[in-house]
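# Per-entry structural report
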Amino acid sequence: MSLRIVSLGKGIPAHRVSNDDLAAFIDTSDEWIRTRTGIESRYVCRDESLTDLATAAATEAIERAGLAPSDIDLVIGSTFEGDYLTPSLSCCVAERLGTQCPAFDLNAACTGFIFALEVAAGFVERQKAKRVLIVCAEMMSKHIDWHDRSTCVLFGDGSAAVIVEPGEALKYISISTSPNSEMLSLPVGTGNSPFVHHGKTKGFLAMEGQKVFKFAVNVGAVELSKAMSALGMTPEEIDYFVLHQANKRIIDSIRAKVGQPEEKFPMNIQRYGNISSVAIPLLLLEMWESDKLKSGDVLFLSAFGAGMTAGSCVIVWG
Ligand code: UT7
């Protein structure tokens, strides 16, 4: 197929928040959060903007690839809200980097990285772009209700960037949507139009936690079996299952269904919480940095998110 990953970078806020820090102002405990989610800490923006984080991630990815911003042919941002609704986050990053190529955002919530890869593959295959910069970035801390313990303990802020080029590494990719606006949502307000009778103020992220949990476990297993039958492979042939980092128990439940060893399911949710579409590229970056990834390793990437969106791909590393 059409592409390979050539570089990655990250932008993480300076301020780390532990579970005990949260327990200081909300009715929760380190014990509850650890055992129910696997999360021990998360990073939260204080002084950084989302554009700061995303630009840091993009700059690191470009430098590590030995490239200049002018070598980038397309910037795709994955976020559900940048620092502005318009211009898009990717335009703000492009301005900071000094690129002159097209830049746009897509919003597939936590599945955004897989959707962005699919879009990038289309541009590369049609030879409309050679090098695509995908920047995933989310400031979850401005979308959650800090008085709601059932959601505010779960999320973190951050950014991760990936550069892809033409190559043969992407063996399979699939994206899907099972429309549902109730299970997981973040309402936008109606502004102050004098013509609206029942105006709404901007809301906070809301979710039906157990329904999302079940959706995630089911879709993770279905995505894998679709990929395996398309490629004529078995899960034994996958070296790493790089799954969306939303809850350690979701990952453990998928692992139980797949029947593969724990070492094949890397996690970093304990340090970052759930950073939406940033989770998978950030985990890939950490595996790359720690020399865990060897050339020829077969990776199954899979995510789910609001929409309800889902997506997966199989990539051969190197
Ligand atoms: O990117 C996608 C985003 N979302 C997800 O992936 C979320 C998927 N769902 C989940 O991860 C889990 O459903 C949660 C972590 C959100 C919740 O875990 P749970 O095991 O489903 O807990 P629950 O909602 O059934 O709540 C159990 C109890 C309740 O108390 P009672 O009614 O049993 O007395 C909650 O009020 O835990 C209570 N609770 C908490 N207690 C301490 C809920 N949140 C907290 C908290 N600290 N932070």
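Because the structure is a prediction, the values reported are computed rather than measured.

Calculation rules
Residues numbered from 1 in each chain as written. Predicted model: local features only at pLDDT ≥ 70, side-chain atom pairs only at ≥ 80, totals over all residues. Heavy atoms only, no water. Helix = DSSP H or I, 4+ residues; strand = E, 2+ residues; numbered from the N terminus. Buried < 20%, exposed > 50% of the residue type's maximum accessible area, 1.4 Å probe, protein only. Areas by Shrake-Rupley, 256 points an atom, 1.4 Å probe, with all protein chains shown as cover. Lys, Arg positive; Asp, Glu negative; His and termini not counted. Charge placed at Lys NZ, Arg CZ, Asp CG, Glu CD. Polar contact = N/O pair within 3.5 Å; in protein donor to acceptor, adjacent residues only side chain to side chain. Contact = heavy atoms within 4.5 Å. Pairing = 2+ DSSP bridges. Axes fitted to C-alpha atoms, helices over the stretch in contact; angles between N-to-C directions. 1 Å grid on protein atoms, 1.4 Å probe; cavity = no way out; pocket = protein on both sides within 12 Å on 5 of 7 lines; lining within 4 Å. Points joined across faces, edges and corners; volume = space filled by probe spheres on them. Nonpolar A, V, L, I, M, F, W, Y, C, P; charged D, E, K, R; others polar. Disulfide = S-S within 2.5 Å.

Looking only at helices and strands, the protein chain features ten helices and 13 strands. C-alpha extents for the protein chain along the principal axes are approximately 50 × 45 × 35 Å. Residues counted as buried form 56% of the 318 residues belonging to the protein chain. With the model as given, the accessible surface of the protein chain reaches about 13,700 Å², and the carbon-plus-sulfur share is 51%. A distance of 3 Å separates the average location of the 29 positive side-chain charges in the protein chain from that of its 38 negative side-chain charges.

What follows deals with the side chain of histidine 244. Inspection of the secondary structure puts histidine 244 in the loop between β11 (240-243) and α8 (248-258). Classification of histidine 244 as buried rests on a relative accessible area of 3%. There is a polar contact of 3.5 Å between the side chain of histidine 244 and the side chain of asparagine 274. Leaving out residues up to four positions away in the same chain, histidine 244 has contacts with Cys110, Ile251, Asn274, Ser276, Ala279, Ile280, Ser302, Ala303 and Phe304.

In this section: the environment of phenylalanine 204. Mapping phenylalanine 204 onto the fold places it in the loop between β9 (184-185) and β10 (206-207). Spatially, the C-alpha atom of phenylalanine 204 lies 9.3 Å from that of tryptophan 146, the residues being 58 residues apart in sequence. In this view, phenylalanine 204 contacts His143, Ile144, Asp145, Ser185, Leu186 and Pro187; residues no more than four positions away in its chain are not counted.

It is worth spelling out the sheet that holds strand β12 (residues 298-305) at this point. Strand order in the open sheet made by the four strands is β8-β13-β12-β11, with mixed pairing throughout. Two strands close off the open sheet at either side, each with one partner strand: β8 (170-180) and β11. The average angle at which neighbouring strand axes cross in this sheet is 10 degrees, direction not considered. Note: β8 against strand β13 (residues 307-316), eight bridges, orientation antiparallel. Pairing of isoleucine 175 across the sheet is with glycine 311, part of β13. The strands touched by helix α7 (residues 209-231) within the sheet are β8, β11, β12 and β13, with β13 carrying the most contacts at an inclination of about 35 degrees.

Turning to the layout of surface pockets, a few remarks are in order. Each pocket or cavity is described by its volume, and for the largest pocket that value is around 1,000 Å³. Ranked by the residues each element gives to the lining of the largest pocket, the list is headed by α7, at four residues. Taken together, the residues that form the lining of the largest pocket break down as 22 nonpolar, 15 polar and six charged.

Along the polypeptide, asparagine 268 turns up in the loop between α8 and α9 (269-272). At a separation of 3.3 Å, a polar atom in the side chain of asparagine 268 contacts the side chain of glutamate 286. The residues touching asparagine 268, leaving out its near neighbours within four places in the chain, are Gln245, Leu282, Leu283 and Glu286.

According to the stated counting rule, one finds zero disulfides in the structure shown. Of all cysteine sulfurs, the one in cysteine 45 lies closest to cysteine 152, which takes part in no disulfide; the gap is 16 Å.

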